[in-house]
Amino acid sequence: QTRIIAGVDAPPTRYPYTISFQTNSGFHFCGASLIAPDVALCAAHCAPGEAVSNYKIVVNPHKLDSPLAVSERINLAEFVIHPNYIASTLQNDFMILKLASKSTNPVVQLHNGDSLTPADNSVLHV
């Protein structure tokens, strides 16, 4: 059952910085964003309780059941959870995923200085 109402698929390469955080067997359990060629940003509540070697990321997955030919599979080198993360309140709920190698995909672009508040009736992509 889908949780998105009246949504449409984005074009396959529209968001090349998106990441699927997965077990080595390919089970997706969280999303992330590529913020540098070898660094991704993810929620700290996604932090696994096992060794980093048990996980990988897929950059630009588009659809989890049929990754694009341009999707990259990259091993992880390290998880860095925010030192002040509080699980019970989700305060500081972010962690850095250090990749074992660099992605060739573009990274998410920082805001260009325009207003952060979208205009009424604007189309938003999340």
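Structure: see above.
Residues numbered from 1 in each chain as written. Predicted model: local features only at pLDDT ≥ 70, side-chain atom pairs only at ≥ 80, totals over all residues. Heavy atoms only, no water.

**Re the nonpolar core**
Formed by 19 residues in total, the largest nonpolar core has its most connected members in Phe21, Cys42, Ile57, Leu76, Met95 and Leu97. Put simply, the parts of the chain that give this core at least two residues each are strand E1 (18-23), strand E2 (28-36), strand E3 (39-42), strand E4 (55-59), strand E5 (72-81) and strand E6 (95-99). (Core = buried A, V, L, I, M, F, W, Y, C linked by side-chain atoms within 4.5 Å. Buried < 20%, exposed > 50% of the residue type's maximum accessible area, 1.4 Å probe, protein only. Helix = DSSP H or I, 4+ residues; strand = E, 2+ residues; numbered from the N terminus.)

**Comments concerning the state of the cysteines**
Counted according to the given criterion, the structure contains one disulfide. Bridging Cys30 to Cys46, the disulfide has an S-S length of 1.8 Å. Negative torsions about the S-S bond denote left-handed disulfides, and the value of about -75° found for Cys30 with Cys46 makes this one left-handed. Here the residue Cys30 occupies a position in strand E2, and Cys46 occupies one in the loop between E3 and E4, the gap between them amounting to 16 residues. (Disulfide = S-S within 2.5 Å.)

**Here's the deal with the pairing of E4**
Along E4, five of the five residues are buried, which leaves the element largely enclosed by surrounding structure. By the bridge criterion, five bridges tie E1 to E4 in an arrangement that is antiparallel. Pairing of Gln22 across the sheet is with Lys56, part of E4. (Pairing = 2+ DSSP bridges.)

**Points about the packing of aromatic side chains**
Applying the stated criterion across every chain, the model contains six aromatic pairs. Judged by centre distance (6.1 Å) and plane angle (80°), the rings of Tyr15 and Tyr17 are edge-to-face. Among the aromatic side chains, those forming a connected cluster through ring pairs are Phe21, Phe29, Tyr55 and Phe79. (Phe/Tyr/Trp six-rings, centres within 6.5 Å; stacked < 30°, edge-to-face > 60°.)

**Focus on the sheet that holds E5**
Strand order in the closed barrel formed by six strands is E1-E2-E3-E6-E5-E4, and the pairing between neighbours is antiparallel. Geometrically, the sheet is characterised by an average inter-axis angle of 40° between neighbouring strands, direction not taken into account. (Axes fitted to C-alpha atoms, helices over the stretch in contact; angles between N-to-C directions.)

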